[in-house]
Amino acid sequence: MSLSRRSALASGFAALAAPALAEPVRDAAPPASDAFAWRGYEALLRARIEDAGGGRFDEDGARAALDATNAARRAAGAPVLAWHDELSAAARAHAGDLARRAYVEHLSPEGFDPSHRLWLLGRTTIGSPSENIAYHHGDGPPASAAHLIGRLRKSPGHWANLLRASHTHAAYALVRGPRSAWLVGLYAQPLAALPEPLPFQAQGPDIARALRSLPNDLRLRLAVPQGARLGKVEGTPPVMQLTALRRTDVGRFDVIGGPIFLATQA
């Protein structure tokens, strides 16, 4: 279920946004030629990490949500998840944005999805996340992290997302307002991590070091950001993404996204 900004604040209820899996929404994001849009959203996310939209970030609640998740995974026979700081930054930024702009959706109003948020904020991770969102609004005692995780249990899609055995890492962010709570969870199986962060505004030497920094079998390369089209551009697009390949079967590979960057000149 995806809630509009108006319906999300209309009356007291608990709700979920439909689970977002690791595949980006096709061509929903601005084109790679639109550096202004990508630069603007990256700046918005950086600001939201410190801005809970008029509420407050509940750090203990976020960690309690991971504890509840791992308890559920142990009971289901799935391996426990380790906290991941770059997933945490992406979850925190989106939770703050949901609270600030009063909506409950995986796709931002500009068309950016959970993967884009990780790839814009996470400067070392090669990997694509899945996302769950739980929302509570109403009078009475604040919704606990365990209560919000319990809401996910009631949705087969969300619960499958939370229990997926292939996930190895996760992070949550919880924003509390006077009568509302937004819980954002991100789960992933990172393929690799760059040994040093790739700057968002990257120059040729930065990009070359990143391309040389991981084993050749990952086949690191540059591409237009996943979930975006090229747009009208002459020469190299200003918005690019570092990608790698993960073998899935004999002769078959998945393209795995990494940091998105703006190619700049010295």
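None of the values given here were measured: they were computed from a predicted structure.

**What to know about the overall build of the protein**
Next, step 1: The number of helices and strands found in the protein is eight helices and 12 strands.
Next, step 2: In the protein, which comprises 266 residues, the share counted as buried stands at 53%.
Next, step 3: Restricting the contact set of the protein to residue pairs at least 6 apart, pairs at least 24 apart contribute 70%.
Next, step 4: Carbon and sulfur atoms make up 53% of the accessible area of the protein, which totals about 11,900 Å².

**Quick notes on the pairing of strand β6 (residues 169-176)**
Next, step 1: In terms of burial, β6 is a largely internal element, seven of the eight residues being buried.
Next, step 2: As paired strands, β6 and strand β7 (residues 180-188) are joined by eight bridges and run antiparallel to one another. Paired with Ala 173 across the bridge in β7 is Val 184.

**Quick word on the nonpolar core**
Next, step 1: The biggest cluster of nonpolar side chains holds 59 residues, and the ones touching the most others in it are Trp 38, Ile 149, Leu 162, Tyr 172 and Leu 183.
Next, step 2: Lining this core are residues from two domains, each supplying at least three of them: domain 1 (35-188) and domain 2 (194-263).
Next, step 3: Not counting residues within four places of it along the chain, the set of residues in contact with Tyr 172 comprises Ala 62, Ala 65, Leu 66, Thr 69, Trp 83, Ala 91, Ile 149, Leu 162, Leu 183, Val 184, Gly 185 and Tyr 187.
Next, step 4: Within the second largest apolar cluster, 15 residues are counted, among which are Ala 192, Leu 198, Leu 218 and Met 240.

**Digging into the packing of helix α3 (residues 59-76) against helix α7 (residues 156-163)**
Next, step 1: Orientation of α3 relative to α7, taken along the N-to-C sense of each, is 85 degrees, at an axis distance of 9 Å. On the basis of the axis angle, α3 is roughly perpendicular to α7. Here Thr 69, Ala 72, Arg 73 and Ala 76 of α3 lie close against α7, whose contacting residues are Trp 159, Leu 162 and Leu 163.
Next, step 2: A class-by-class count of the residues in the contact of α3 with α7 yields five nonpolar, one polar and one charged.

**Comments concerning the sheet that holds strand β11 (residues 239-249)**
Next, step 1: Pairing is mixed in the open sheet, where four strands are placed in the order β9-β12-β11-β10. One side of each edge strand has no neighbouring strand; the edge strands of this open sheet are β9 (201-202) and β10 (221-223).
Next, step 2: Taken together, the nine bridges between β11 and strand β12 (residues 252-263) define a ladder with antiparallel strand orientation. The residue bridging Val 239 from the neighbouring strand is Leu 262, located in β12.
Next, step 3: Relative to the sheet, helix α5 (residues 114-121) contacts β11 and β12, its axis offset from that of β12 by approximately 55 degrees.

**Some words on the pattern of salt bridges**
Next, step 1: Evaluated as defined, the whole model comprises 11 salt bridges.
Next, step 2: Measuring nitrogen to oxygen at the nearest pair gives 2.9 Å for the salt bridge that ties Asp 51 to Arg 100. Taken together, the residues Asp 51 in the loop between α2 (35-48) and β2 (56-57) and Arg 100 in helix α4 (residues 85-101) connect sequence positions 49 residues apart.
Next, step 3: One salt bridge in this structure joins Arg 101 and Asp 97, with 2.9 Å as the shortest N-O distance. Separated by four residues within a single helix, Arg 101 and Asp 97 lie in helix α4, roughly one turn from each other.
Next, step 4: Exposure remark for Arg 101: the relative accessible area of 18% places this residue in the buried category.
Next, step 5: Put simply, Arg 48, Asp 51, Asp 97, Arg 100, Arg 101 and Glu 110 are held in one network by salt bridges that share partners.

Reading the values: rules and limits
Residues numbered from 1 in each chain as written. Predicted model: local features only at pLDDT ≥ 70, side-chain atom pairs only at ≥ 80, totals over all residues. Heavy atoms only, no water. Helix = DSSP H or I, 4+ residues; strand = E, 2+ residues; numbered from the N terminus. Buried < 20%, exposed > 50% of the residue type's maximum accessible area, 1.4 Å probe, protein only. Contact = heavy atoms within 4.5 Å. Areas by Shrake-Rupley, 256 points an atom, 1.4 Å probe, with all protein chains shown as cover. Pairing = 2+ DSSP bridges. Core = buried A, V, L, I, M, F, W, Y, C linked by side-chain atoms within 4.5 Å. Domains from an automatic or database assignment. Axes fitted to C-alpha atoms, helices over the stretch in contact; angles between N-to-C directions. Parallel < 35°, antiparallel > 145°, perpendicular 65-115°, else oblique. Nonpolar A, V, L, I, M, F, W, Y, C, P; charged D, E, K, R; others polar. Salt bridge = Lys/Arg side-chain N within 4 Å of Asp/Glu carboxyl O.

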